[in-house]
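# Observations on the three-dimensional arrangement
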Amino acid sequence: MNIAVCVKQIPDPAVPGKLEADHTLERAGKLILDDSDSYGVEMSLQLAEKAGGGDVVLISMAPNGEVSGLRTALAMGAARAVLVSDDALAGSDALSTAKVIAKAVERAGDIDLVVTATESTDGYTGTIPAQVAEVLGWPSLTFAKHVEIGDGKVSIQRQTESGFDEVEASLPAVVSVTAGVVEPRYPSFKGIMAAKNKPVDQVTVADLGLSADQVGWAGARQKIVNVGAAPEREAGEKIEDDGEAFQRIVQFLEQLKIV
């Protein structure tokens, strides 16, 4: 069972983010593993182990050949990584990103399953897992809170507002997992040392068979016109209860069409 898991390397969320002149997030310097992707890495490691073996391969896009976040995931137990790093990727939209990831999955070779988070913590589009599946021509299973593999199929419990749906598809497939699907392991000292020597296949857009006009700002179908500060949160209405305050609450709920 060979599994490719998508991991995003992002600026540390604990540090206030900065924007470039083109309104994109500044990604210079050290990047860390997106916390939401640690669940996908752990899920992939457990699935490979239950299947009796196989490689867990990391797939990532990052500027400046950055590997800090990848090394964290490699220290958890992933075998190797494919890193796409190219100045031409700056400004890529979700679809362009999905095309790059799909090509990287193909480059990884002989992949049975792609695992992703539901969305990244610095983007929140939530569309890339399904787009990667569409580009690859594979089934897409989303919002998995539990995953099982067997008999050439992947079965999930798909989280919903009222519980979960049981969904299955034939392999190969793409599965996005929710936070909390498993408890990510902490890299051991042995794992951290071993990660330094695990192979990272760093490639460019051209290496994947894509042209520069298919990615980045040239291939983007969106444009960031302006970025403004979110409005400050306004204070709520205070009501002194004289025994009839419930009527104001009912009126408020009626205005919201809740009752």
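Scroll up to find the structure.
Because the structure is predicted, anything quoted here is derived from the model rather than measured.

### What to know about the packing of helix H3 (residues 94-108) against helix H4 (residues 128-136)
- H4 packs onto H3 with a crossing angle of 55° between their chain directions and a minimal axis gap of 8 Å. The angle between H3 and H4 places the two elements in the oblique class. For the pair H3 and H4, the sense of crossing is right-handed. Residue-level contacts link Ala94, Leu95, Thr97, Ala98, Lys99, Ile101, Ala102, Val105 and Glu106 of H3 to Ile128, Gln131, Val132, Val135 and Leu136 of H4.
- For the contact of H3 with H4, a count of residues per class yields ten nonpolar, two polar and two charged.

### Describing a nonpolar patch on the surface
- A cluster of nonpolar side chains, Leu19, Trp217, Ile224 and Val227, forms an exposed patch at the surface whose accessible area comes to about 330 Å².
- Among the structural elements, Leu19 can be located in the loop between strand S2 (9-10) and strand S3 (32-33).
- The class of Leu19 is partly exposed, set by a relative accessible area of 47%.

### Quick notes on helix H2 (residues 68-76)
- Taken residue by residue, H2 has Gly69, Leu70, Ala73, Leu74, Ala75 and Met76 as its buried positions.
- Directly after H2, the chain includes Gly77, whose backbone phi takes a positive value near 140°.

### Some thoughts on the side chain of Ser85
- Note that Ser85 resides in the loop between strand S5 (80-84) and H3.
- Excluding residues that lie within four positions of it along the chain, Ser85 makes contacts with Ala62, Pro63, Asn64, Gly65, Gln202, Val203 and Thr204.

### Here's the deal with the pairing of strand S7 (residues 140-150)
- Relative to strand S10 (residues 173-177), S7 is paired through three bridges, and the arrangement is parallel. Within S10, the residue paired with Ala144 across the bridge is Val177.
- With six bridges connecting them, S7 and strand S8 (residues 153-160) associate as antiparallel partners. Bridging from a neighbouring strand, Gly150 pairs with Lys153 of S8.
- A loop of two residues connects S7 with S8, the two strands running antiparallel in sequence, and Asp151 in this loop sits at a positive phi of about 55°.

### Some thoughts on a negative patch on the surface
- A cluster of acidic residues, Glu240, Asp241, Asp242 and Glu244, forms a negative patch at the surface.
- Positionally, Asp241 belongs in the loop between helix H6 (216-219) and helix H7 (245-255).

### A look at H4
- Those residues of H4 that sit buried are Pro129, Val132, Ala133 and Leu136. All buried residues of H4 fall inside an arc of 100° around its axis, so they share one side.
- Residues of H4 that are buried in the fold lie against H3, strand S6 (113-117), S7 and S10.
- In the stretch just after H4, Gly137 is the one whose phi turns positive, near 80°.

### A short note on the side chain of Ser92
- Topologically, Ser92 is positioned in the loop between S5 and H3.
- At a separation of 2.6 Å, a polar atom in the side chain of Ser92 contacts the main-chain carbonyl oxygen of Leu89.
- Within the local environment of Ser92, its side chain forms a polar contact with the backbone nitrogen of Gly216, the two atoms lying 2.9 Å apart.
- Beyond its immediate stretch of four places on either side in the chain, Ser92 contacts Thr97, Val215, Gly216 and Trp217.

The rules behind these values
- Residues numbered from 1 in each chain as written.
- Predicted model: local features only at pLDDT ≥ 70, side-chain atom pairs only at ≥ 80, totals over all residues.
- Heavy atoms only, no water.
- Axes fitted to C-alpha atoms, helices over the stretch in contact; angles between N-to-C directions.
- Helix = DSSP H or I, 4+ residues; strand = E, 2+ residues; numbered from the N terminus.
- Parallel < 35°, antiparallel > 145°, perpendicular 65-115°, else oblique.
- Left-handed = near helix turned anticlockwise from the far one by under 90°.
- Contact = heavy atoms within 4.5 Å.
- Nonpolar A, V, L, I, M, F, W, Y, C, P; charged D, E, K, R; others polar.
- Patch = residues over 30% accessible without salt bridge, like charges linked within 9 Å, V, L, I, M, F, W, Y side chains within 5 Å.
- Areas by Shrake-Rupley, 256 points an atom, 1.4 Å probe, with all protein chains shown as cover.
- Salt bridge = Lys/Arg side-chain N within 4 Å of Asp/Glu carboxyl O.
- Buried < 20%, exposed > 50% of the residue type's maximum accessible area, 1.4 Å probe, protein only.
- Pairing = 2+ DSSP bridges.
- Lys, Arg positive; Asp, Glu negative; His and termini not counted.
- Charge placed at Lys NZ, Arg CZ, Asp CG, Glu CD.
- Arc of directions from axis to C-beta.
- Polar contact = N/O pair within 3.5 Å; in protein donor to acceptor, adjacent residues only side chain to side chain.

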